[in-house]
Amino acid sequence: MSTPIQNKGYAVLHDSSVNRGSAFTEAQRKAAGLEGLLPAGVDTLELQIARVHTQLNMLDTDLQRYLFLMDLQSRNQTLFYAVLMSDAAKFMPLVYTPTVGEACQKFDHIFRSTRGLYLPISAKGRLQELMSNWPQNDIRFIVVTDGERILGLGDLGVGGMGIPIGKLALYTAVAGVPPELTLPITLDVGTNNQTLLDDPLYLGLRQQRVRGDDYHAFIAEFVDAVQALYPKCCLQWEDFANFNAVSILETYKDKICTYNDDIQGTAGIALAGLYAALRITGQKLTDQRFLFMGAGSAATGIAELISEAMVMEGLTIEEARARNWLFDINGLVESTRTDLADFQKPFAHQHASCKSFVDAINAIKPNGIVGVSTVPKLFNQAVIEAMSKINAQPIIFPYSNPTSRSECTAEEAYKWSSGKAIFASGSPFDPVTLGTKTFVPGQGNNVYIFPAMGMAVLATEAKRVTQQMFIVAAKAVAEQVTQEDLNTGLIYPPQSQILNASLHTAAKVATYVFDNGLARVERPKDIAANIKNLAYKPVYGD
Ligand SMILES: O=C([O-])CC(=O)C(=O)O
Ligand SMILES: [Mg+2]
């Protein structure tokens with residue numbers, strides 16, 4: 001619900017958390033000194049939503065629609081969320097992947113009003129002071145990036161800020177986390193993107209990225225400042241380069257309430273997809289083998305979560321990891337390779353070297369391939385055909401984002417597998433008709449996980465975010481897919497249902513948190529009802 005009106009007059013219309021624009025009633029206009037500042041007509045929220053839809057239809061490109069929606073967010077927060085929640089399936093691709101990717105690439109050129117916090121490394125030693133400038137003092141969720149690996153688009157410097165903003169908009173729109181409890185942050189440690197450094201419009205620090213001890217000291221100062229200012233806050237790391245993502249998560253995961261969305265959120269949604277896919281194939285998780293295209297932290301994150309889920313079904317962790325294989329630019333990741341980082345080594349199994357992905361498929365015989373390479377088109381016809389020869393229903397998950405980085409399209413996967421593929425992708429694709437059958441591709445995007453995780457943490461004030469919580473979330477997502485959806489190939493809940501799906505998932509995760517002594521609040525009688533009650537509702541109230 002929108003915040004009660006405290007200010008008076010013109011300022012009210014410029015405070016997005018209280019502004020209702022043309023929906024202020026006559027009595028409110030009188031009380032708040034707004035008479036004469038608005039046209040006489042008094043709208044309902046429904047009418048305002050309809051007007052927004054009309055205005056969006058007048059625009060030509062999704063980037064223009066994105067900008068319009070961002071302006072709306074800065075103008076009237078309630079209406080912004082009411083619009084998003086009026087049709088999540090329509091608006092997610094506009095405020096999130098894929099449009100947000102283009103917005104990040106063009107950030108410096110399309111910049112209008114500011115949002116969130118920008119913390120430059122030049123302010124080292126003063127982070128708490130800068131953060132105290134933020135107007136809210138109870139923050140429960142921070143999504144933070146350093147802009148180095150924005151989706152599959154690479155180093156976008158401060159332009160990466162679109163991601164924390166978009167992710168947090170979905171915390172609210174998709175799982176009801178109250179927006180005033182959220183804060184997007186960009187840590188500006190420079191950029192190695194020369195095009196940005198040469199661009200007079202670039203808005204970040206004009207220097208190469210800081211690395212090593214200075215970087216980690218800056219991260220440590222930031223974490224300390226968050227703890228000091230917002231002790232109940234959950235810190236979500238987003239779109240960091242692999243080496244930093246892995247080391248930051250290792251350093252903090254057992255100390256504070258934190259997680260990495262690209263490693264753990266993506267792993268959760270991949271596991272959910274597999275649970276649902278197994279409902280189609282009727283096979284057991286512990287009998288599966290997977291091959292990953294890409295060997296970064298998203299790949300090892302998914303491989304590890306799958307392995308841990310396999311352990312819950314009876315395998316040892318070594319047996320489980322041996323069922324998950326990685327492939328990168330230098331070929332199959334195997335134990336004789338000398339170029340591997342520590343986090344990749346658990347998945348470097350004994351095998352002859354293998355330079356071609358198709359050869360690796362024929363050697364490993366995976367049930368599924370997962371694309372986390374950020375390189376488009378790597379799942380080519382030969383790859384899909386090889387998978388289709390080995391499997392009656394090959395699992396094909398091109399997860400790289402945005403659409404321009406997807407390892408294949410839905411149409412390619414269905415066509416080249418003659419309709420046999422069980423398909424899901426990180427970015428959205430339209431349904432595909434092949435002969436008489438229409439396939440509905442699922443979006444295997446962490447958006448099914450992170451907002452629900454956020455709601456669960458809010459409802460429990462969880463001390464930690466654990467791997468088990470992601471396995472619980474994955475099961476909760478998968479169990480909501482109906483047989484009818486599975487029949488069309490859809491292995492995730494439909495996006496039109498994502499709010500309900502997230503609340504269900506949040507309740508399951510919250511129950512796990514309470515059951516396992518991870519909560520910092522008392523257990524409510526009815527966890528699901530409590531979550532529904534906590535959820536933000538985009539209405540004006542009295
Ligand atoms: O933002 C998305 O769509 C999913 C994600 O975390 C990424 O690709 O980095
Ligand atoms: Mg990400």
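Residues numbered from 1 in each chain as written. Chains lettered and ligands numbered in written order. Predicted model: local features only at pLDDT ≥ 70, side-chain atom pairs only at ≥ 80, totals over all residues.

- As named in an unreviewed UniProt entry, the chain is NAD-dependent malic enzyme, taken from Zwartia hollandica.

Observations concerning the overall build of the chain
Okay, step 1: When helices and strands are counted, the chain shows 24 helices and 14 strands.
Okay, step 2: The C-alpha atoms of the chain give 23 Å as radius of gyration, which agrees with the globular expectation for 542 residues (24 Å, within 12%).
Okay, step 3: Its C-alpha atoms put the chain at 75 × 55 × 50 Å along the principal axes.
Okay, step 4: Looking at the chain as a whole, 51% of its 542 residues qualify as buried.
Okay, step 5: Counting contacts in the chain only where the partners sit at least 6 residues apart, residues at least 24 apart contribute 71% of the total. (Helix = DSSP H or I, 4+ residues; strand = E, 2+ residues; numbered from the N terminus. Rg over C-alpha atoms; globule rule 2.2 N^0.38 Å. Buried ≥ 20, exposed ≤ 12 C-beta atoms within 10 Å, placed from the backbone. Contact = placed C-beta atoms within 7 Å.)

A look at the site of ligand 1
Okay, step 1: The local shell around ligand 1 consists of T97, L151, D239, D261, D262, N401, G426, N445 and N446.
Okay, step 2: For the shell around ligand 1, the class distribution of residues is one nonpolar, five polar and three charged. (Near = placed C-beta within 6 Å. Nonpolar A, V, L, I, M, F, W, Y, C, P; charged D, E, K, R; others polar.)

Focus on unusual backbone geometry
Okay, step 1: Here T97 and P98 are connected by a cis peptide whose omega angle stands at 10°.
Okay, step 2: Structurally, P98 can be placed in the loop between α6 (88-95) and α7 (99-105).
Okay, step 3: Note that the residue after N401, namely P402, is joined by a cis bond; omega there is -10°.
Okay, step 4: Turning to its location among the elements, P402 is positioned in the loop between β10 (395-398) and α19 (410-416).
Okay, step 5: Phi is positive for K365, which is not a glycine, with a value near 55°.
Okay, step 6: Topologically, K365 is positioned in the loop between α17 (357-364) and β9 (368-371).
Okay, step 7: K365 gets classed as partly exposed once you count the C-beta atoms within 10 Å, which come to 14.
Okay, step 8: A positive phi angle, near 65°, is found at T374, a position not held by glycine.
Okay, step 9: Mapped onto the elements of the fold, T374 is located in the loop between β9 and α18 (381-390).
Okay, step 10: For T374, a count of 20 C-beta atoms within 10 Å gives the class buried.

Remarks on the sheet that holds strand β4 (residues 234-237)
Okay, step 1: Taken together, five strands build an open sheet; the order of strands is β1-β3-β2-β4-β5 and the sheet is parallel. Lying at the two open borders of the sheet, with one neighbouring strand each, are β1 (117-120) and β5 (258-260). Averaged over all pairs of adjacent strands, the angle between their axes in this sheet comes to 20°, without regard to strand direction.
Okay, step 2: The strands touched by helix α14 (residues 261-281) within the sheet are β4 and β5, with β5 carrying the most contacts at an inclination of about 75°. (Pairing = 2+ DSSP bridges. Axes fitted to C-alpha atoms, helices over the stretch in contact; angles between N-to-C directions.)

Section: the pairing of strand β7 (residues 324-328)
Okay, step 1: For β7, a buried count of four out of five residues is recorded, marking the element as mostly surrounded by other parts of the structure.
Okay, step 2: For strand β6 (residues 290-293) and β7, the ladder comprises four bridges, and the chain directions are parallel. Pairing of L291 across the sheet is with W325, part of β7.
Okay, step 3: Direction of pairing for β7 relative to strand β8 (residues 331-332): antiparallel, over a ladder of two bridges. Within β8, the residue paired with D328 across the bridge is G331.
Okay, step 4: If you look at the hairpin formed by β7 and β8, you'll find two residues sitting between the two strands.

Brief notes about the packing of helix α15 (residues 297-312) against helix α21 (residues 467-478)
Okay, step 1: Between α15 and α21, the shortest axis-to-axis distance is 10 Å and the interhelical angle comes to 80°. Of the possible angle classes, the one that applies to α15 and α21 is roughly perpendicular. Counting all contacts with α15, which are made through L305, E308 and A309, the residues of α21 involved are Q467, F470 and I471.
Okay, step 2: Residue composition of the contact of α15 with α21, grouped by class: four nonpolar, one polar and one charged. (Parallel < 35°, antiparallel > 145°, perpendicular 65-115°, else oblique.)

Points about the domain arrangement of the chain
Okay, step 1: When the domains of the chain are assigned, the result is domain 1 (1-43), domain 2 (116-256) and domain 3 (263-542).
Okay, step 2: Taking only C-alpha atoms into account, the centre of domain 1 sits 34 Å from that of domain 2. (Domains from an automatic or database assignment.)

Quick notes on the sheet that holds β6
Okay, step 1: Ordered by their spatial adjacency, seven strands build an open sheet running β8-β7-β6-β9-β10-β11-β14, and the pairing between neighbours is mixed. Only two strands of the sheet have a single partner each, and these edge strands are β8 and β14 (442-443).
Okay, step 2: By the bridge criterion, two bridges tie strand β11 (residues 422-425) to β14 in an arrangement that is parallel. Within β14, the position partnered with A424 by the bridge is G442.

A word on the confidence of the model for the chain
Okay, step 1: Of the residues in the chain, 99% have a pLDDT of 70 or more, and the chain-wide mean is 97.
Okay, step 2: Across the interface, the model reports ipTM at 0.98; the global pTM reads 0.96. (pLDDT = per-residue confidence, 0-100.)

Description of α18
Okay, step 1: All of the buried residues in α18 are V383, I384, A386 and M387. Projected onto a plane normal to the axis of α18, the buried residues spread over an arc of 160° and lie on a single side. Facing away from the buried surface of α18 by more than 90 degrees, the exposed residues are Q381 and K389.
Okay, step 2: Packing partners of the buried residues in α18 comprise α17, β9, β10 and α19. (Arc of directions from axis to C-beta.)

Re the UniProt feature "active site" (unreviewed entry) in the chain
Okay, step 1: In the UniProt entry, the feature "active site" (unreviewed entry) is given for Y96 and K167. Taken along the chain, the residues just named run across 72 residues; in space they keep tight, none of their C-alpha pairs more than 7.1 Å apart.
Okay, step 2: Inspection of the secondary structure assignment puts Y96 in the loop between α6 and α7.
Okay, step 3: In this structure Y96 comes out as buried when scored by C-beta crowding, with 27 C-beta atoms within 10 Å.
Okay, step 4: Excluding its chain neighbours within four sequence positions, the residues that come into contact with Y96 are G166, L170 and V447.
Okay, step 5: Topologically, K167 is positioned in helix α10 (residues 162-175).
Okay, step 6: You can call K167 buried: it has 28 C-beta atoms within 10 Å. (UniProt positions renumbered as here; feature names shortened; annotations may be inferred.)

Brief notes about the UniProt feature "binding site: a divalent metal cation" (unreviewed entry) in the chain
Okay, step 1: Within this numbering scheme, the UniProt entry marks E238, D239 and D262 as carrying the feature "binding site: a divalent metal cation" (unreviewed entry). The annotated residues occupy 25 residues of the chain but converge on a single region, no pair of C-alpha atoms lying more than 6.7 Å apart.
Okay, step 2: Locating E238 in the fold gives a position in the loop between β4 and α13 (242-252).
Okay, step 3: Tracing the sequence through the fold places D262 in helix α14.
Okay, step 4: A count of 26 C-beta atoms within 10 Å places D262 in the buried class.

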